[in-house]
Amino acid sequence: AAARLAAEQEVENLSGLSPNPEKDIFVVRENRTTCLMAEFAAKFIVPYDVWASNYVDLITEQADIPLSRGAEMKGKCGTNESELEISWLEQAYTLQLFFLKEGHNTSRGQEVFWRLSRIRFTYDTAERTYFKDAVSPGKHTASSHRLSALVTPAGKSYECQAQQTISLISSDHQKSVQLLLSEVRIQPFDITADFVFSEEHKCPVDQREQLEETLPLILGLILGLVIVITLCIYHIHHKLTANQVQIPRDRSQYKHMG
């Protein structure tokens, strides 16, 4: 731990490399070596209370908060635990992602996986860009509960283009905050080349969509192959039948033979 704290840490936001204005790319480097990479688009859906028009009742509004480009970040890399912290709009919003690498006993023996083990999102309802006239404005924290997400074999990166929703419970009267992640590529451990993700492990949704896209093509190729084989068999059968000598059944026709 002391060596890790003493290590030189470089943090880079490479969001300008992404053509998607809603997607950020973050790299954590220690001892001039990349140890964590994350690329994703994120948005938070946060419920909050405002006064009704009668100024007596409370009604619930909803703030849609995107992860802004150019966000500040810091990170920590460890052998079995890593962390990424991202802040934006003068630290009115802070997202913390915690990763854990551990072994699992399977039918093939023990296998090592990493996963997203915890999420913490801190937000300030006094911030006026996304919150309008919040009742009792102030800072709140939304956290995950017993999270096991993005499970990936050790040595690989996690990739998922499809949108995923993760629910967080807020300190603001236990309200449910939704984190929407999309176009995700993350690797918090075992990066072997600087600024380069290792082989990807696709999420089940992407695997299913890929199968749905390729299945019609596969079925079309099989159908075409069946048609070609059928035509070949028909052609061969027709040719063999045409070359056969027709033996007369009427004995009177024998004199015309020979």
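Cut-off values and rules
Along each chain, numbering runs from 1 in the same order as the chain's sequence is written. Residues qualify for local features only when their pLDDT is at least 70, as the model is predicted, and side-chain atom pairs are given and counted only at 80 or more; totals for whole chains, interfaces and linings, by contrast, use all residues. Side-chain figures throughout are based on the complete set of non-hydrogen atoms in the structure, without hydrogens or water. UniProt positions are given in the numbering used here, feature names are shortened, and annotations may be inferred rather than shown by experiment. The secondary structure listing takes helices from DSSP runs of H or I that are at least 4 residues long and strands from runs of E that are at least 2 residues long, numbered from the N terminus. Burial here depends on accessible area, computed with a 1.4 Å probe over protein chains only, as a share of the maximum for the residue type. Under 20% is buried, over 50% is exposed, and the range in between is partly exposed. Two rings belonging to Phe, Tyr or Trp (six-membered ring only in the last case) form a pair when the distance between their centres is within 6.5 Å. Interplanar angles under 30 degrees mark stacking, angles over 60 mark edge-to-face geometry, and anything in between is tilted. Charge-over-ring placement is defined geometrically: NZ (Lys) or CZ (Arg) within 6 Å of the ring centre, and within 35 degrees of the ring normal. A score between 0 and 100, pLDDT records how confident the predictor is in each residue. Only heavy atoms enter the contact rule, under which two residues are in contact if any of them lie within 4.5 Å. By nonpolar core we mean a set of buried residues, namely Ala, Val, Leu, Ile, Met, Phe, Trp, Tyr and Cys, connected to one another through side-chain atoms within 4.5 Å. Any Lys or Arg side-chain nitrogen located within 4 Å of an Asp or Glu carboxyl oxygen qualifies as a salt bridge.

Looking up the chain in an unreviewed UniProt entry gives the name Lysosome-associated membrane glycoprotein 5, with the organism given as Nyctiprogne leucopyga. Here the chain is described in UniProt, under the heading Function (unreviewed entry), as follows: "Plays a role in short-term synaptic plasticity in a subset of GABAergic neurons in the brain." As its UniProt record puts it under Sequence similarities (unreviewed entry), the chain is described as follows: "Belongs to the LAMP family."

A. Quick look at the overall build of the chain. Along the backbone of the chain there are 2 helices and 14 strands. Out of the 258 residues in the chain, the part that is buried amounts to 41%.

B. Looking closely at unusual backbone geometry. Not every positive phi belongs to a glycine, and Tyr55 is a case in point at roughly 55°. For Tyr55, the position within the fold is in the loop between β3 (33-51) and β4 (58-66). Under the relative-accessibility criterion, Tyr55 is labelled exposed at 66%. Of note, Phe195 is a non-glycine position whose phi angle comes to about 65°, a positive value. Positionally, Phe195 belongs in the loop between β13 (176-187) and β14 (200-202). Taking relative accessible area as the criterion, Phe195 reaches 35% and is therefore assigned partly exposed.

C. View of the packing of aromatic side chains. The tally for this structure, following the rule as stated, stands at 12 aromatic pairs. Ring plane angle 80° and centroid distance 4.9 Å describe the contact between Tyr48 and Phe131, whose orientation is recorded as edge-to-face. Note that Tyr48 is positioned in strand β3 and Phe131 in the loop between β8 (109-124) and β9 (139-143), a separation of 83 residues in sequence. For Tyr48, a relative accessible area of 5% gives the class buried. Taking the ring centre of Phe98 as reference, the NZ or CZ of Arg118 above it sits at 3.9 Å.

D. Inspection of the confidence of the model for the chain at higher detail. Mean pLDDT over the chain: 84, with 80% of residues reaching 70 or higher. Here helix α1 (residues 2-6) is the element of the chain with the lowest mean pLDDT, 47, and β9 is the one with the highest, 97. Within the model, pLDDT remains below 50 along residues 3-8, and this stretch shows 8 contacts once partners closer than five positions in the same chain are excluded.

E. Inspection of the nonpolar core at higher detail. Ranked by internal contacts, the top residues of the largest apolar core, which has 48 residues, are Phe40, Phe44, Leu84, Trp88 and Phe121. The element contributing the most residues to this core is β3, with 9 residues. With near-sequence residues (within four places) excluded, Leu84 lies in contact with Phe26, Val28, Leu36, Ala38, Met73, Lys74, Gly75, Leu95, Gln96, Leu97 and Phe99.

F. Main features of the pattern of salt bridges. All told, the structure shown has 13 salt bridges when counted by the stated rule. A salt bridge links Lys23 to Glu183, with the shortest nitrogen-to-oxygen separation between them at 3.4 Å. Placement of Lys23 in strand β2 (residues 23-30) and of Glu183 in strand β13 is noted, with a sequence separation of 160 residues between them. For Lys23, a relative accessible area of 10% gives the class buried. Residue classification places Glu183 among the partly exposed residues on the basis of a relative accessible area of 25%. As a salt-bridge pair, Asp194 and Arg29 come within 2.6 Å of each other at their nearest N and O atoms.

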